[in-house]
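These are the residues of each chain, in order.
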Amino acid sequence: MISNTKSILSRERIEMLVRENFGKEVVVEHITELTEGWFNAIYVVSFTGQGVHGFKELVLKTGVQSSKYVLTYERDIMRAEVLVYRLLEDTIVPIPKIITQDFSKSLVDFDYCFMEKLQGSNWMKLEEQITPENKEKLIAELARYTAAIHNVKGDFFGYIKDDKKFQFPDWSSAFQGMMISLIQDGREQGLDLPYDAIMSAFEPLWEILNEITVPSLVNFDMWSKNIMLAEKDGEYHIDAMIDHERAFFGDPYAEFISSATICGDVLKSQTFMENYSLISGKPFTFTRNDRIRLYMYNLYLTLLMGVEVYRYREEDKKQRIEYCNWKIPNDLLELKEFLGS
């Protein structure tokens, strides 16, 4: 994926980062760029000899240069991802190991980290090879790991930042802050999207967000490209859950917007609900207000898809805006009909 947020590096600069982090005796053998990502540049770096800390390969993930435009919540976003990996280290959630990170911007003008290279492939690539029976087992794993992520609690609501302006005492003010920030970013770019219609629809609904009283860790980007699978004994299992950079502390059920792209509506999956409850320690319940909140999160995500077009080529940008201007009014109508039912 071509994106102007990617910090593309020459072999010489990658070798420099390797030397500075792991010593002059470490020799780089091969470097391969992984081009599927939509935001960060990612490289697989292989080494001769003993490698680094026993690893023959590592992944180098680069952040965005300080001089480049990003959305307000995307500033220093890699720092949130690394923190989430730290928070998940003592849980059942499988994650790659972070070997080192550098947020000083002393060597390069962006954050970066080196992490363990996973040997499997993502769920999207393997979808056609997964049997229905195997998929049920994967959904069970997904549910358990999702619940384990949500069992991690925060001290505030909102995106995971050190800056206090992103931290809120309740979920209603946090989600309003997320919406307002996103709309400001869209207006600053001159993007024609139905901001006022969304906020008008949300106006009588903010208070039900405060039924969420405990800030849970939410990945909010849990689609099939971010679920790595590995094969064992003729079946696939989840090897790692990656790309937690867009995580926040909030309503755990917001997760079901992106996970629905993998397993559909979780309320229609007994396997998901039973396994989620197994780890959450609570019965899986879903109220009318939960459904309303889900409509709100879905609208937020669609608006986000429109506002983030600054990264894309003009043709892709136009298509995305057209899609969002079609989808948002339809979603608002569906929400209105649900509220009236």
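Residues numbered from 1 in each chain as written. Predicted model: local features only at pLDDT ≥ 70, side-chain atom pairs only at ≥ 80, totals over all residues. Heavy atoms only, no water.

1. Here's the deal with helix α6 (residues 195-202)
Since the α-helix turns once every 3.6 residues, residues separated by three or four places project in the same direction.
Okay, so step 1: Buried within α6 we find Tyr195, Ile198 and Phe202. Projection of α6 onto a plane perpendicular to its axis shows the buried side chains occupying an angular sector of 70°, all on one side. Residues of α6 that are exposed and point over 90 degrees away from its buried face: Asp196 and Ser200.
Okay, so step 2: Where α6 is buried, its residues contact α5 (171-188), α9 (288-307) and α10 (314-340). (Buried < 20%, exposed > 50% of the residue type's maximum accessible area, 1.4 Å probe, protein only. Helix = DSSP H or I, 4+ residues; strand = E, 2+ residues; numbered from the N terminus. Arc of directions from axis to C-beta. Contact = heavy atoms within 4.5 Å.)

2. A look at the packing of aromatic side chains
Okay, so step 1: Across all of its chains, the model carries 27 aromatic pairs by this definition.
Okay, so step 2: Measuring from ring centre to ring centre gives 5.6 Å for Phe256 and Phe272, while their planes differ by 90°; the resulting arrangement is edge-to-face. Of this pair, Phe256 sits in helix α7 (residues 256-263) while Phe272 sits in helix α8 (residues 270-280), and the two are 16 residues apart along the sequence.
Okay, so step 3: Look at Phe256 and you get buried, because its relative accessible area is 4%.
Okay, so step 4: An aromatic cluster is built from Tyr73, Phe157, Tyr159, Trp171, Phe175, Phe202, Trp206, Phe220, Phe248, Tyr297 and Tyr300, whose rings are joined through pairwise contacts. (Phe/Tyr/Trp six-rings, centres within 6.5 Å; stacked < 30°, edge-to-face > 60°.)

3. Structural notes on the sheet that holds strand β6 (residues 121-122)
Okay, so step 1: On the basis of which strands lie adjacent, the open sheet formed by 3 strands has the order β6-β9-β10 and antiparallel pairing. At either margin of the open sheet sits one strand with a lone partner, and together these are β6 and β10 (235-241).
Okay, so step 2: In the sheet, β6 pairs with strand β9 (residues 227-232) via 2 bridges, with the strands oriented antiparallel. When the bridges of β9 are listed, Ser121 appears paired with Leu229. (Pairing = 2+ DSSP bridges.)

4. Some remarks on the sheet that holds strand β4 (residues 98-102)
Okay, so step 1: An order of β1-β2-β3-β5-β4 is seen for the 5 strands of this open sheet, with the pairing classed as antiparallel. The open sheet terminates on both sides in strands that have one partner only, identified here as β1 (28-34) and β4. Within the sheet, the average angular offset between the axes of one strand and its neighbour, ignoring direction, is 20°.
Okay, so step 2: Across 6 bridges, strand β2 (residues 41-47) lies against strand β3 (residues 57-62) in antiparallel orientation. By the bridge assignment, Ala41 is partnered in β3 with Thr62.
Okay, so step 3: Packed on one face of the sheet, helix α1 (residues 11-22) meets β1, β2, β3, β4 and β5 (112-116) and runs near 115° to β1. (Axes fitted to C-alpha atoms, helices over the stretch in contact; angles between N-to-C directions.)

5. Examining the packing of helix α4 (residues 132-150) against α8
In helix packing, the relevant descriptors are the interaxial angle and the interaxial distance, both defined with respect to the helix axes.
Okay, so step 1: At a minimum axis separation of 8 Å, α4 and α8 run at an interaxial angle of 35°. For the pair α4 and α8, the sense of crossing is right-handed. Contacts from Glu136, Ile139, Ala140, Leu142, Ala143, Arg144, Thr146, Ala147, Ala148 and His150 of α4 reach α8 at Thr271, Phe272, Asn275, Tyr276, Leu278, Ile279 and Ser280. (Left-handed = near helix turned anticlockwise from the far one by under 90°.)

The quantities given are spatial measurements derived from coordinates; they are silent on function.
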